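Here is what each chain is made of, one letter per residue.
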Amino acid sequence: MAKILAVDDSASMRGMVAFTLRGAGHEVFEAENGELGLDAARATAYDLVLADVNMPVMDGISMVRGLRAMGAYKGVPILMLTTESHTEKKMEGKAAGATGWLVKPFDPEQLLATVKRVLG
Amino acid sequence: MSAVDLTQFHKTFFEESHEGLDAMESALLALDAGSIDTELVHTIFRSAHSIKGGAATFGFADVAAFTHVAESLLEEVRSERRAVDPQLVDMLLRSVDCLRVMLRRSSAGQPVADAESDALRAELLRLVSGEVEAASPPTTDTVSAVSGWKIDFSALPHLLQTGNDPLRLFRELQQLGRLEVVRVFLVEGTPATLADVDPAQCYMGWELHLHAAVARADIDAVFDWLDGDCVLDVSPLPTAEAPAQDTPVQATDTTAAPQADVAAQAVVAGATDTPVQVVRETPAASAETSSIRVDIDKIDGLINMMGELVITQSMLSEIGENFQLSQLAILREGLAQLERNTRELQESVMRIRMLPIGSIFNRFPRLVRDLERKLDKRVKLELHGEHTELDKTVLEKIGDPLVHLVRNAIDHGLESPSRRKAVGKSETGTLKLNAYHEGSNIVVQISDDGAGLNRDAITAKALQNGLIGAGQNLSDAEVADLIFQPGFSTAAHATDLSGRGVGMDVVRRNVRDLGGSVSVRSVSGKGSTFTIALPLTLAIVDGLVTAVGGERYIVPLISIVESLRLTASAVRKVAGGGEVFHFRDAYLPIMRLHRSFACNEAVTEVERGIVVVVEEDGRRVGLLVDDLLGQQQAVVKSLEAHYRRVQGISGATILSDGSVALIVDVGGVVHMGRQSKVA
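Residues numbered from 1 in each chain as written. Chains lettered and ligands numbered in written order. Predicted model: local features only at pLDDT ≥ 70, side-chain atom pairs only at ≥ 80, totals over all residues. Heavy atoms only, no water.

### With respect to the sheet that holds strand β14 (residues 560–564) of chain B
All names here are of chain B.
Piece 1. Reading across the sheet, the six strands line up as β14-β18-β19-β17-β16-β15 and stay open at both edges, with mixed pairing between neighbours. The sheet terminates laterally at β14 and β15 (571–573), the two strands that pair on one side only. On average, each strand axis in the sheet is tilted by 35 degrees relative to the strand beside it, whichever way the strands run.
Piece 2. By the bridge criterion, four bridges tie β14 to strand β18 (residues 610–616) in an arrangement that is antiparallel. Bridge pairing in β18 links Ser563 to Val612. (Pairing = 2+ DSSP bridges. Helix = DSSP H or I, 4+ residues; strand = E, 2+ residues; numbered from the N terminus. Axes fitted to C-alpha atoms, helices over the stretch in contact; angles between N-to-C directions.)

### Observations regarding the nonpolar core
Piece 1. One finds Leu21 and Leu67 of chain A together with Val63, Ile151, Phe153, Leu173 and Leu210 of chain B to be the most contacted residues of the largest nonpolar core, which totals 109 residues.
Piece 2. Broken down by element, this core gets its largest block of residues, ten residues, from helix α4 (residues 86–108) of chain B.
Piece 3. Looking at this core, you find at least three residues from each of domain 1 (6–134) and domain 2 (149–273) of chain B. (Core = buried A, V, L, I, M, F, W, Y, C linked by side-chain atoms within 4.5 Å. Buried < 20%, exposed > 50% of the residue type's maximum accessible area, 1.4 Å probe, protein only. Domains from an automatic or database assignment.)

### Brief notes about the confidence of the model for chain B
All names here are of chain B.
Piece 1. Chain-level pLDDT for chain B is 80 on average; 85% of the residues reach the 70-or-more range.
Piece 2. The element-level mean pLDDT for chain B is lowest in helix α9 (residues 276–288), coming to 36, with strand β6 (residues 379–384) highest at 93.
Piece 3. Low confidence marks residues 241–289, where pLDDT is under 50. Its contacts with residues over four positions away, or in another chain, come to 46 contacts.
Piece 4. Low pLDDT, under 50, characterises residues 490–501; the stretch is placed with 19 contacts to residues that sit more than four places away or in other chains. (pLDDT = per-residue confidence, 0-100. Contact = heavy atoms within 4.5 Å.)

### Section: the interface of chain B and chain A
By a frequent convention, interface size equals the accessible area lost on bringing the separate parts together.
Piece 1. Of the residues lining the interface, 41 residues belong to chain B; the matching set on chain A comes to 44 residues.
Piece 2. Summing both sides of the interface, chain B and chain A together bury roughly 3200 Å²; the carbon and sulfur share of this comes to 58%.
Piece 3. Along the contact surface separating chain B from chain A lie three salt bridges.
Piece 4. As a salt-bridge pair, Arg117 of chain A and Asp224 of chain B come within 3.1 Å of each other at their nearest N and O atoms.
Piece 5. Where chain B meets chain A, there are 15 residue pairs in polar contact (both at pLDDT 80 or more).
Piece 6. When contributions to the side of chain B that touches chain A are tallied by element, the ones reaching two or more residues are α1 (10–32), α2 (38–57), α3 (61–78), α6 (166–176), α7 (216–222) and α8 (246–270) of chain B.
Piece 7. Here the side of chain B that touches chain A gets nine residues from one element, more than from any other, and that element is α2 of chain B.
Piece 8. Split into classes, the residues belonging to the side of chain B that touches chain A amount to 15 nonpolar, 14 polar and twelve charged. (Buried area = accessible area lost by both parts, 1.4 Å probe. Salt bridge = Lys/Arg side-chain N within 4 Å of Asp/Glu carboxyl O. Polar contact = N/O pair within 3.5 Å; in protein donor to acceptor, adjacent residues only side chain to side chain. Nonpolar A, V, L, I, M, F, W, Y, C, P; charged D, E, K, R; others polar.)

### Side note on a nonpolar patch on the surface
All names here are of chain B.
Piece 1. Taken together, the side chains of Val181, Val184, Leu186 and Met204 present a nonpolar region at the surface, about 360 Å² in accessible area.
Piece 2. Take the nonpolar patch: its biggest share by element is three residues, from strand β2 (residues 178–186).
Piece 3. Within the secondary structure layout, Leu186 lies in strand β2.
Piece 4. By relative accessible area, which is 60% here, Leu186 ends up exposed. (Patch = residues over 30% accessible without salt bridge, like charges linked within 9 Å, V, L, I, M, F, W, Y side chains within 5 Å. Areas by Shrake-Rupley, 256 points an atom, 1.4 Å probe, with all protein chains shown as cover.)

### Points about the sheet that holds strand β3 (residues 48–52) of chain A
Residue and element names in this part refer to chain A.
Piece 1. Strand order in the open sheet formed by five strands is β2-β1-β3-β4-β5, and the pairing between neighbours is parallel. If you trace the sheet from one side to the other, it starts and ends with β2 (27–31) and β5 (100–104), each paired once. Each strand axis lies, on average, 20 degrees off the axis of its neighbour in the sheet, ignoring direction.
Piece 2. Taken strand by strand, helix α1 (residues 11–23) contacts β1 (3–7), β2, β3 and β5, and its axis lies near 170 degrees from that of β2.
Piece 3. Packed on one face of the sheet, helix α3 (residues 60–69) meets β1, β3 and β4 (78–83) and runs near 170 degrees to β4.

Put into structure tokens, the structure is as follows:
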């Protein structure tokens, strides 16, 4: 199964995402802000990155930019976890290189369906 | 696999939401001071945003709805469409309060929204310009009568770099119905020679026919992430081509089914405030109080220490296996190392329960702000030593006494601006909170530069309440001590804020319950300083080891006033069989510990034993013991957990020689003394 990096400053969201994905057999690593996410991505090659937009220290959009600047993450799917009220954030995320997004609030089934969509 | 139990994340959600609200509150207060700092605005916004997201995810609909409105307002501030003014900050602070209540209710499984929260939400909503409350229902564009779609899809060169894969799109389209790739072509701008082709770029386009009677929106949903990464043209296929329609229709059905399921679950999750849920939620709420967040550094330190202990242990067992006297020096060294390891390990373990006092101090900027407005005073709050760590239990219980002292300082201590000006002080009073280590204690000081204790008013009141007699000459310390006496604080003194039936005596009792002490130093016209000394931990008590018969009793040092030897003539018998002795202008009862705890072979003549004068709640008694054996730090073990509650005993400990000693509960013993006198 896939190696997934989940980056979100909210421990409960991260927990929910990680628990759901682990339940589906994936290997999940958690990071709580963009900077730590980049560190993790440098250390390990992940198959998929899930990134919250609003985070302290480094937000999700800067992190996506950082990931795309790394050779190893040129074509790796990155999904932004956005809220319905932030259409412009989706576009900003896309401009930074995100593959797509998952709109919060989502439940475990929606998460799995979306992950399945990118990982096949 | 669908049933992921989300309730397991509720506790984390509540914890982080409360933390978020704390961060929001302090950022709002900092904003209030007049600094428009974008980082502060971002912090506030981020907190609200996270709470909203979490609340919606975990099914706390009322919290999500409320936060949504607050967030919209904050979004206007963030995008500089709205200026920050005191009214806005006020309203947002009220929202923080309201959310705290809503979260607490959510975690207790109680109904969340009430008239107050609804009113505040309506108020916020009125402020938010052009906010449309309900999201427009999804456009249910009816499945059109088309039999299929022609899709012209040309990738832009950077498509692959966004992590999107055309193959994924085709797979998804196939799930809608039969997909036919009619044509594959190179897009315009494709390099003419192979050498110029960048393998990371995509130069291809596809003409696809999707034979499925699906809505246009279903196709758009497949391409939703590719806006700006491709050129897409979708048009209905000519109907002439219509193939068998059974399969595609079924396909849409199966994709629709899980969707309905999801919706149904959302409805169930949204109904958390029904009474049925209350029972289920309660255990989770009580579990919340018993968890602690520990800094990873502390745990790493602990593991490190454990490793060293294991090394020492293996070294010692190696020596022990084949011991010769010539190795004595090495053995000693090993034992010294073991001692060091054990001490360090003990310290590290204790540190796990330690939390910075900053979490309590952080309440005060808000409290001070509210009091300033209510009392029409001006206060500058200074916080020092926020990183000083305290035992979690002590920390939880010290909050209320501190709040009381801060209220008192502002209400009674600091003068009104006009009064301050009149006596030549700055109109803004200063209130300082300071926390620091001192020996094995933590000291918390609350000092103000107000008028100081009013000696005349205090003695007058004490006289009136019968705490002192007329004509009694009191030292400054004794006057100061009067305010801690039960029955000192009276209704005449009470304002809206201080003196809600809670007096300084309660503060002192609460602090004493934690094994601490509170005192006040005051200079007329210059201000007062309240000093609370607290033990580092409740798990260790500094005590005096005494002998009574063959037993050892430990008296906590904090309660001891003095130890003395009496002559037989100093003891007087009083009616009812009690004994008293004269001590610093007062007669104190003697409690014979051997009698209280039924010890045999103890010293029974007062002049042969030693009297330890202890104080509890302002009451002093002399405890008669055989001898004093020394001072020791005792690790408190609960008697209740292993045996049962014993009156006059707060716990037990193990002495260095391996014997057990009981720790005297001074309050309990004093109480026993009073009871026996009545009897």
